[in-house]
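Structural overview for review
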Amino acid sequence: MRVPLSWLREYVDLPATETGRDVQAKLISAGLEVETVEPLGADLKGPLVVGQVLTIEELTEFKKPIRFCTVAVGTANGTGEPQEIVCGARNFAVGDKVVVVLPGAVLPGNFAIAARKTYGKTSHGMICSGDELGMGDDGSGGIIVLPPEVEVGTDAIELLQLVDEVLDIAVTPDRGYALSMRGVARETAIAYGLPLRDPALLDVPAPNAFGYPVQVSDPMGCDRFTARTVTGLDPDAHSPIWLRRRLQKAGMRPISLAVDITNYVMLELGQPLHAYDRSRVQGTIGVRRAEQGEKLTTLDGVQRTLNAEDLVITDDRGPIGLAGVMGGANTEIDDTEGTTTEVVVEAAHFDAISIARTARRHKLASEASKRFERGVDPQAASAAAQRTVDLLVLLAGGTADAGVTEVIAPSAPHSITIPANHPDKVAGVDYGRETVVRRLQQVGCDVYGQDELIVTVPSWRPDLTDPNDLAEEVIRLEGYENLPSTLPKPPAGLGLTDRQRLHRRVGRALAGAGYVESPNYPFMGEQVLDQFGLADDDPNRKVVKLVNPLSDEEPALRTTLLPGLLQALRRNDGRGSHDLALFETGLVFHPRAELRIAGRLPVDRRPTDEEIASLTAALPIQPRHAAVVLAGAREQAGWWGKGRPADWADAIEAARILAREAGTELLVRSGQYGPWHPGRCAELSVVVDGTQRVVGHAGELHPRVLKALGLPARTCAMELDLDALEEASSGHPKGPKISTFPVATQDVALVVDKAVPHADVEAALREGAGELLESIRLFDEYESEQLGGDRKSLAYALRFRADDRTLTVDEASAARDAAVALATERTGAVLRGA
């Protein structure tokens, strides 16, 4: 909402010394987001006067038409003689009153004016357009032609109100009243402690049976409809300068007198209006839901197919307007032909949700819909209609019909019961009852009661629905900056949970391993799951969808971290960074089997355990995952030797890093899942309560996935469930024991079938070796024709150590033989060379 300071002063007697910056500070303190203060005409310097064109000489010897004019400017030039000016515009004629800038003046943009020779003539100044004066688009597209009654020599800076300050306010969805001069003036009056001249306080005639007939078939969608008729309008009447300038400063383009008046009243009172050419309306005006597939051509010239949920304005022919959004072309006031002499003024109140959905459905955001969907004062409709009628009578010479139509659905004002000290509890400040009552009354509430207040909220504040809303009003008007800064006092003995500690350790470990953290938004589109090649019954395909997503392309909460990480990898690779190792830790979201509605938690006390449990039960299941992606070189080449590219083993090693931080043993075996290459995918498992549980996968991504997502060749990834790792862990990770006794190393080479996983062989060796085994490492894998085409050799280094003695050769050999024996029993392994 753009608010000219000169217009604001009509409703609040601000001190003459107050600048736009001063008002901005006051309104920001009151809770309005005043983004900028735009100074208009700050760099403008006269003389800038009204002139009258006396003669026009057409210069035809140039490539484009040029005119050499003489213009009377009175005594503004110091001589009283006509001013000679060269001009290329063609939208003015001899006798027209125009705006002339004389030598010595400076126009916006620091454009100095001086006499200069051009096109063989000397031009002593300029005839100005609106753009050259910083007025914006006035619809003429050329030189400003002033009304004939303006006197020659008048100061045009004052006449055109070129010097002003405009406050640009970003109105939040809950403060629809601030989309009007009336609403902003009320906030300004409260901030300065000054009285408000409410422009809606008008004498409005009572409804009678002589008004234009109106039939409202959907009182839920339209609970108030006011219609007034004005006849005898002068079709040649134009909007006065003051009206056009106020619209321009507020960011709207002047169009025609009737339309300008409805826009002006909308900006003034916040009530959208529409004016119909009465000669084009046939029969009773109606309000109803559209029939599915009905057609309507709106004022922008687009034919729209209506939905059964759309609220429409009709006459005997059918729809003539999209209620609360845009009027129809078939009843448009056509000032180009100058034939409209009678208008019907509509001022109605429509359901906010219905208007918002219609505007989005038709992708047709308008000034009217922007206000209706945020909440419009239903009590202002009659005053807005009266204000429009008064201006049409004043400026267009019309006559107001005696008939007044008002269709009103019965409704009661909204009342809220609130303890007088409730704002004190919310803010932690002792305001006292007197301050609470005074502030609520300033907002427009009627307040009764002592310790328990009964508050009736004003019609222009539909956002005030419960005691906390009223507390917010008191707090913001008393000043957020006056709230004391106090630190919370947590009880002693509490700190980070085990889950939080693991999360931090994992992040530090991955960063230490050369990965860069890349946090992403927790949203995704379901099409990425198709690109991943997930099965139709895969649990990750069951998503939680947002009612109002930030992007229509990503309407769901993520069930995996990989979409966001891979998108970040692709973006960085496309910008020239090809050697990448990224990681992210965060929540993923899975829907619960039973849908529950979350209750509202109190703010005046700590929620009970039952209330927190009820809220938690309504939330999606949110396990914490960790994921990494790699592409390009994992080790750079240099003087130290050759580098190497990142491969599937690096992804698996990242998973092992996480398992070590969690203090658990990670089981790695060949697997096949979703986006990973079927021959280069590792299945990651842990043992929970004696049962193996798959917690993730790692390896190289499938070429089909790389092509679909535009990723570099041989991109690798890993993702696992951190919560499952924590559940499988034996507690906090323990530091290694340092023994003073020497280690005994035994190597074994076992021949097994190719189908036997290394993890099974290692697990058997580890269990068979017993407590003396300190570590085990696979250091060689060998295949040859001598072993057989379906056999392979796995060589392991086993390290044995005792805490209290030096192991003998026989003890180490016995432990090794026991390990080999169990591996032979479980996997069919044969000791190589035996």
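Every value quoted in this text rests on a predicted model; they were computed, and no experiment measured them.

The rules behind these values
- Residues numbered from 1 in each chain as written.
- Predicted model: local features only at pLDDT ≥ 70, side-chain atom pairs only at ≥ 80, totals over all residues.
- Heavy atoms only, no water.
- Pairing = 2+ DSSP bridges.
- Helix = DSSP H or I, 4+ residues; strand = E, 2+ residues; numbered from the N terminus.
- Axes fitted to C-alpha atoms, helices over the stretch in contact; angles between N-to-C directions.
- Contact = heavy atoms within 4.5 Å.
- 1 Å grid on protein atoms, 1.4 Å probe; cavity = no way out; pocket = protein on both sides within 12 Å on 5 of 7 lines; lining within 4 Å.
- Points joined across faces, edges and corners; volume = space filled by probe spheres on them.
- Nonpolar A, V, L, I, M, F, W, Y, C, P; charged D, E, K, R; others polar.
- Buried < 20%, exposed > 50% of the residue type's maximum accessible area, 1.4 Å probe, protein only.
- Core = buried A, V, L, I, M, F, W, Y, C linked by side-chain atoms within 4.5 Å.

**Considering the sheet that holds strand β13 (residues 164–170)**
Pairing is antiparallel in the open sheet, where 3 strands are placed in the order β1-β13-β2. Sheet topology places β1 (2–4) and β2 (33–40) at the edges, where each strand pairs with a single neighbour. The mean angle between the axes of side-by-side strands here comes to 25°, regardless of whether they run parallel or antiparallel. Both β1 and β13 contribute to a ladder of 3 bridges, which runs antiparallel. Paired with Arg 2 across the strands is Asp 168, a residue of β13.

**Examining the sheet that holds strand β28 (residues 516–517)**
Ordered by their spatial adjacency, 7 strands build an open sheet running β28-β31-β32-β38-β37-β36-β35, and the pairing between neighbours is mixed. Each edge of the open sheet carries a strand with a single partner, namely β28 and β35 (667–670). By the bridge criterion, 4 bridges tie β35 to strand β36 (residues 676–688) in an arrangement that is antiparallel. Residue pairing across strands places Leu 667 opposite Ser 685, the latter belonging to β36. Across the sheet, helix α13 (residues 498–512) touches β31 (580–587) and β32 (624–631), and the angle it forms with β31 is around 175°. Together, β32, β35, β36, β37 (691–701) and β38 (716–721) form the strand contacts of helix α17 (residues 648–662), whose direction differs from that of β38 by roughly 25°.

**So, empty space enclosed by the protein**
For the structure shown, the criterion picks out 2 cavities of 30 Å³ or more. Reported here for the largest cavity is a volume of approximately 110 Å³. Forming the walls of the largest cavity are 13 residues, and the residues nearest its centre are Tyr 177, Ser 180, Leu 269, Gly 270 and Asp 377. Per-element tally for the lining of the largest cavity: the top contributor is helix α4 (residues 181–192), with 3 residues. Across the lining of the largest cavity, the residue classes break down as 4 nonpolar, 5 polar and 4 charged.

**Quick notes on helix α7 (residues 352–361)**
Residues of α7 that are buried: Ser 354, Ile 355, Ala 356, Thr 358 and Ala 359. On its buried face, α7 is in contact with β17 (285–289), β20 (311–315), β21 (318–322), β23 (343–350) and α8 (367–372). Looking at the residues trailing α7, positive phi occurs at Lys 363, about 50°.

**Concerning unusual backbone geometry**
You will see that Asn 110, though not glycine, has its phi angle at about 60°, which is positive. Looking at where Asn 110 falls in the secondary structure, it is placed in the loop between β7 (106–107) and β8 (111–112). Located in the positive-phi region is Arg 714, a residue other than glycine, with phi close to 60°. By secondary structure assignment, the location of Arg 714 is in the loop between α18 (703–709) and β38. Take Arg 714: its relative accessible area is 46%, and that puts it in the partly exposed class.

**Thoughts on the environment of His 702**
The residue His 702 is located in the loop between β37 and α18 in this model. Of the residues examined, His 702 reaches a relative accessible area of 18% and is grouped as buried. For His 702 and Gly 679, which are 23 residues apart along the polypeptide, the C-alpha to C-alpha distance reads 9.3 Å. With near-sequence residues (within four places) excluded, His 702 lies in contact with Pro 675, Trp 676, His 677 and Pro 678.

**Points about the nonpolar core**
Judged by nonpolar contacts, the single largest core of 53 residues is most densely connected at Val 3, Leu 8, Val 23, Leu 27, Ile 169, Val 265 and Leu 392. Excluding residues that lie within four positions of it along the chain, Leu 392 makes contacts with Val 230, Leu 233, Ala 258, Ile 261, Val 343, Val 345, Gly 397 and Gly 398. Ile 652, Ala 654, Leu 666 and Ala 698 belong to the second-largest nonpolar core, a separate cluster that totals 32 residues.

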